[in-house]
There are 2 protein chains.
Amino acid sequence: MAPNFRSISRKFAERSKHRLLLSRKELGVLSESYIDEDDHRWARLRLFLFNVLEMGRADPLQFIFAAKCGLALAIVSLLIFFKEPFDFMSNYAIYSILTVIHISEFSIGASLSKGFSGALGTLSAGILALGIHQISVGAGKWQEIVIAISVFIAGSISCFLKLYPSMKLHDFGFRVFMLSFTIVLESGTSDFAQETISRSLLIAVGACVCFSVTICVYPIWAGEDLHKLVVKNFRGVASSLEGCVNNYLQQFGYERIPSKILIYQASDDPLYSGYRSAVESASEEDALMGFAVWEPPHGHYKMLNYPWSNYVKVSGALRHCAFMVMAMHGCILAEIQSPAELRHMFKNKIQNVGTEGAKILRELGNKVEKLEKLSPDIDLLEKVHEAAEELQMMIDQKSYHLVNAEKWAAGKRPKDFEDVDRLQELKEEEIDIEPNGIGSLYEANIKPPLPCKTLEGHITTLSNQPSMVHWGSSEDMLKQQTQWPSRLSFVGETILNMREVKTYESASALSLATFTSFLIEFVARLQNLVSAFEELSETAKFSEPVNILEAKEAVSVWTRLLKSIGIK
Amino acid sequence: MAPNFRSISRKFAERSKHRLLLSRKELGVLSESYIDEDDHRWARLRLFLFNVLEMGRADPLQFIFAAKCGLALAIVSLLIFFKEPFDFMSNYAIYSILTVIHISEFSIGASLSKGFSGALGTLSAGILALGIHQISVGAGKWQEIVIAISVFIAGSISCFLKLYPSMKLHDFGFRVFMLSFTIVLESGTSDFAQETISRSLLIAVGACVCFSVTICVYPIWAGEDLHKLVVKNFRGVASSLEGCVNNYLQQFGYERIPSKILIYQASDDPLYSGYRSAVESASEEDALMGFAVWEPPHGHYKMLNYPWSNYVKVSGALRHCAFMVMAMHGCILAEIQSPAELRHMFKNKIQNVGTEGAKILRELGNKVEKLEKLSPDIDLLEKVHEAAEELQMMIDQKSYHLVNAEKWAAGKRPKDFEDVDRLQELKEEEIDIEPNGIGSLYEANIKPPLPCKTLEGHITTLSNQPSMVHWGSSEDMLKQQTQWPSRLSFVGETILNMREVKTYESASALSLATFTSFLIEFVARLQNLVSAFEELSETAKFSEPVNILEAKEAVSVWTRLLKSIGIK
């Protein structure tokens, strides 16, 4: 019954089939290396090394972190050499090395939290093991069995607990607990105290070295990373929004939708990556927040209990807005596209809302970056609300363009079309009335079949306007609209089912309504974002904005004062 | 200029302010424990333990995994006891314990991949350290310096490499490399060989124990988990889709939008959690796929190089559909809602598409679960395409309900409303013509101010229908529509800006068009999903479907045959 719908979606599937997207750089490297087919592996290795270095160049902190890691390890190994006189110590060198390797994390917060959970794990394991050791000694020849059973129980419980979502952060602590518990119990009765002390000492040495290097040499703060990430998200969503609006208005169409977008994987498309990274950063933000709360007050964040969670909230509210941008991008990806004429008609208003929306996102991003409050006397959302309202009103006024107005422009309003035959009858009647068959929408609009005084007055106004809107006939539209590739297949078919064609026409016009709905919903969601920002700016005690206007006013007052004195 | 728009979005923000969502269970436990305010901590501990046990009860595999972990640890500790005669060994007991603790992972694939990268790390570190050891011996009194420098370089490089995204899976390997490298270099010249051998031996013992327990005792396969996850996602999206469609048609409105939804965090809302878990499972799927490729053929997956990546692709295509469900949910969350009458009008068609769509998702989910191909003679998407086409056609026919038809029903089509004054003039003229001021949309529709033959004929048809649509007057609508809470604030205002009210009216009607657009786009994306499934079913060699119809036919043929023989 519905061949066209199916052919559309099949085309859609074909259009988007598995395309390997390579970045320009990758392509460059690959094209160089593909000269010799045999060096395939060598090329891949080169590509890998190139990408790794590129990663480091993009974020030099990663080089610094790596060097810090190496430094801590080297210091510990030197310390162990100098301690070699204490012979028994070198047996346990592994403890300080293990500590350094596991506690060296990217940010200070991550190192501190890992160190804390490791220390807690070691301590509790030590105390518990000491108690069980006393019991096992009492068990005589069953000692090994008692120990094995207690290891089994402790291991099972800690393994189970670490599966609990909120405990996953403390995975390391649980592993250390298991290790320490087993080791202490295994170490047997001989020189129990001495062993425990020397192990603890080496662990402490490792932890000290690691913390000193992490904190003293070019400190990397998780809080700062979180702060930067939130700012980056604001900018990403802003440029995605602008990109979506511009591409939509410029009739940008994907020749082939990157398959990565279809299965929601990272892609190079800047429009897509902007909102995607904001949407995807949720888990990163949570992790960074988990680390940031461990960090002492520092830099711009000189406050105990700094409200890092509010940054995450702001980013969450931004994400809620980003979903609308995602939906707008969906309109660009969609198979059914609105005609160029309609887009042109609404262009200014849509552009306005997009620009104002992006401006607000950028402004908020800047405020977050500079840790500055909003000016209390300026309503940030005023302009975007005005723009959205204007767009909404225009949609309201021009709503007849958004539907298949042809039928009822002729004065008919078929109420019940469950009966398809009846529809066909009405159609035929309509064609009888309009001799040019399927008249263009525009023609139907300005040629009222029912003369009426007020309308006549209006027509003159309309005809003075030099054809702002050009609707071709339905068939012309099909031929012209290259941005709607799947429709081309219909043209070849000799028997065009006009009813279906019209259906797609109206769907096509409605698609603009959908796009604007998203834009307006996006604007509606901005209030939520602003509230989240205001809460953040209160709790984090952002600075008052430097009101340039006030300063200028003061200057002008003084100038006038000085002038008046001078004149006097 | 636009107070109403702002008041709407402010209300929206208030409505959704920070609400702590507790699950019913949590509330139950908390309410019990809040009887005594002092036991706050105790209550939290109880809540934690309750939740942990609940987690285990929900997925008993977690208990099993924990027990396996404990078992492996206990076996290793027993082995070390028995080996105590080899005195030197007990010094290195830590190696086998470390190995067990680090390699014990939830699934076999995860254990194997960790074991492999650990082994690779140890081996390469050992060989490298051996070489450098020879060099350092040659360096004489600078030996320590040479060692420290090489530790620094090796540590930095491996620390840097493990930051690379695709290397994050091998984090453990890099840590083991650093550990082994440093330990081997530190161990000094005395009995170099013996130490290395005994360490390797103990590591091998730990790995053997761990692998035997992981594989032999109730094996947990990552591939199976991935398989189940994909099936779960299908069902989640299907029930979210049904929920969205039903809630939308039943005028479900959130009294207060859970703040967790606004900042896209997990929430109890079944409608929300269905698609959210499908959207969020991307990283879990990637991780599971990374482990599954390590697993040998087993169970239903008896094939070398089983195409696990295709499961991820199918799930990605499903995610692309889930975004549309998310957008539909956005319509339910949105501030501007379509009137009940419109929803009622389109109810059957929308319901049809929703039901058929959900059916397909469930069917595909079942096929994936049973590892069964699609029947080649049945077009799975036929019904849903028909339903979507019908909906689309109905929208086309009834499109005049979706826009503010009032103005041009009166025969006017104002072309250019940039000039607001001119709009006002036209409005006043309009009010002059219609003495009842702001006539209802429905009235405007059936009371044509311009008599016309064909329309008259149609009106009789309409008036025979017992008022399927009830549009109140604009003001009535405001008072009646309690599902649109923010609008109530307007009613109190004495000066109602009618123009704005109308604007919202048309926005409200267009919101239905938006919802249906999503539904239709969802259907269009199904083809992509079906293709992904077909590719999976080919590559993974799913079984041919048991064609029940064929079987039935065969039975009936036989029965007839037997009967005819009996009659003869």
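Residues numbered from 1 in each chain as written. Chains lettered and ligands numbered in written order. Predicted model: local features only at pLDDT ≥ 70, side-chain atom pairs only at ≥ 80, totals over all residues. Heavy atoms only, no water.

Trainee: Mind showing me how you'd approach the overall build of chain A here?
Mentor: When helices and strands are counted, chain A shows 25 helices and 0 strands. Residues classed as buried in chain A amount to 55% of the 568 residues present. Contacts in chain A between residues far apart in sequence, at least 24 positions, make up 81% of those at least 6 positions apart. Of the accessible surface of chain A, which amounts to about 25500 Å², a share of 61% is contributed by carbon and sulfur atoms. (Helix = DSSP H or I, 4+ residues; strand = E, 2+ residues; numbered from the N terminus. Buried < 20%, exposed > 50% of the residue type's maximum accessible area, 1.4 Å probe, protein only. Contact = heavy atoms within 4.5 Å. Areas by Shrake-Rupley, 256 points an atom, 1.4 Å probe, with all protein chains shown as cover.)

Trainee: Help me understand the domain arrangement of chain A in this model?
Mentor: In many analyses, interface size is given as the accessible surface area lost on bringing the parts together. Residues and elements named next belong to chain A. When the domains of chain A are assigned, the result is domain 1 (62-216) and domain 2 (222-404 + 449-551). Tallying the contact residues gives 9 residues for domain 1 and 6 residues for domain 2. Across the domain 1 to domain 2 interface the summed buried area is about 660 Å²; carbon plus sulfur atoms make up 79%. Here domain 1 is connected to domain 2 by 0 salt bridges. Applying the counting criterion to the domain 1 and domain 2 interface returns 1 residue pair in polar contact (both at pLDDT 80 or more). The residue makeup of the side of domain 1 that touches domain 2, split by class, is 6 nonpolar, 3 polar and no charged. (Domains from an automatic or database assignment. Buried area = accessible area lost by both parts, 1.4 Å probe. Salt bridge = Lys/Arg side-chain N within 4 Å of Asp/Glu carboxyl O. Polar contact = N/O pair within 3.5 Å; in protein donor to acceptor, adjacent residues only side chain to side chain. Nonpolar A, V, L, I, M, F, W, Y, C, P; charged D, E, K, R; others polar.)

Trainee: Explanation requested: the pattern of salt bridges in the structure shown.
Mentor: Any two side chains of opposite charge can pair, so long as their charged atoms come close to each other. Tallied over the entire structure, the rule returns 30 salt bridges over all chains. Taken together, the salt bridges that share partners define one network made up of Glu 105 and Lys 114 of chain A together with Asp 171 and Arg 175 of chain B.

Trainee: Explain the state of the cysteines to me, please; I cannot follow it from the model alone.
Mentor: Throughout this description, disulfide means a covalent bond between two cysteine sulfur atoms. Per the stated rule, a full pass over the model turns up 2 disulfides over all chains. A disulfide bridge connects Cys 69 of chain A with Cys 159 of chain B, and the sulfur atoms are separated by 2.4 Å. Placement of Cys 69 of chain A in helix α4 (residues 61-82) and of Cys 159 of chain B in helix α8 (residues 143-161) is noted, with the two residues assigned to different chains. Judged by relative accessible area, Cys 159 of chain B falls into the buried class, the value being 0%. In this model Cys 208 of chain B remains outside any disulfide bridge; the closest cysteine sulfur is found in Cys 210 of chain B, 10 Å from its own. Considering cysteine sulfurs only, Cys 244 of chain B is the nearest to Cys 321 of chain B, which forms no disulfide, with 14 Å between them. (Disulfide = S-S within 2.5 Å.)

Trainee: I'm lost on the UniProt feature "transmembrane region" (unreviewed entry) in chain A in this one. Help?
Mentor: All names here are of chain A. Summarizing the sequence annotation, UniProt attributes the feature "transmembrane region" (unreviewed entry) to residues 61-80, 92-110, 116-133, 145-166 and 201-221 in the numbering used throughout. Within residues 61-80, the helical portion is 100% and the strand portion 0%, while the C-alpha atoms at the span's ends are 29 Å from each other. Taken end to end, residues 92-110 is 74% helix and 0% strand, and its two terminal C-alpha atoms sit 26 Å from one another. (UniProt positions renumbered as here; feature names shortened; annotations may be inferred.)

Trainee: Please clarify how the packing of helix α9 (residues 171-186) of chain A against helix α6 (residues 93-103) of chain B should be interpreted in this entry.
Mentor: Angle between the axes and distance between the axes: these two values describe a pair of packed helices. Closest axis-to-axis distance for the α9 of chain A/α6 of chain B pair is 10 Å, and the angle between their directions is 150°. Judged on the interaxial angle alone, α6 of chain B and α9 of chain A are roughly antiparallel. Both α9 of chain A and α6 of chain B take part in a crossing whose hand is right-handed. Residues Arg 175, Met 178, Leu 179, Thr 182, Ile 183 and Glu 186 of chain A of α9 of chain A pack against Ile 94, Ile 97, Leu 98, Ile 101 and His 102 of chain B of α6 of chain B. Tallied by class, the residues present in the contact of α9 of chain A with α6 of chain B amount to 7 nonpolar, 2 polar and 2 charged. (Axes fitted to C-alpha atoms, helices over the stretch in contact; angles between N-to-C directions. Parallel < 35°, antiparallel > 145°, perpendicular 65-115°, else oblique. Left-handed = near helix turned anticlockwise from the far one by under 90°.)

Trainee: Which parts of the structure should I look at to understand the packing of helix α6 (residues 93-103) of chain A against α6 of chain B?
Mentor: Here α6 of chain A crosses α6 of chain B at 20°, and the two axes come no closer than 13 Å. In terms of orientation, α6 of chain A and α6 of chain B fall into the roughly parallel class. Crossing angle aside, the handedness with which α6 of chain A passes α6 of chain B is right-handed. Side by side, α6 of chain A and α6 of chain B meet where Ile 94, Tyr 95, Leu 98 and His 102 of chain A of the first sit next to Ile 94, Tyr 95, Leu 98 and His 102 of chain B of the second. Of the residues assigned to the contact of α6 of chain A with α6 of chain B, the class counts are 6 nonpolar, 2 polar and no charged.

Trainee: It is not clear to me how helix α16 (residues 340-370) of chain A should be interpreted in this structure. Could you clarify?
Mentor: Note: α-helices contain 3.6 residues per turn, so residues at a spacing of three or four share the same orientation. Residues and elements named next belong to chain A. Taking 1.5 Å as the rise per residue, α16 with 31 residues should run 45 Å; its terminal C-alpha atoms sit 42 Å apart, in good agreement. Taking the largest bend as the criterion, α16 deviates by roughly 60°, centred on Lys 347. Looking one or two places after α16, you find Leu 371, whose phi comes out positive at around 50°. (Expected span 1.5 Å × (residues − 1). Bend = angle between axes of the 7 residues up to and from the residue.)

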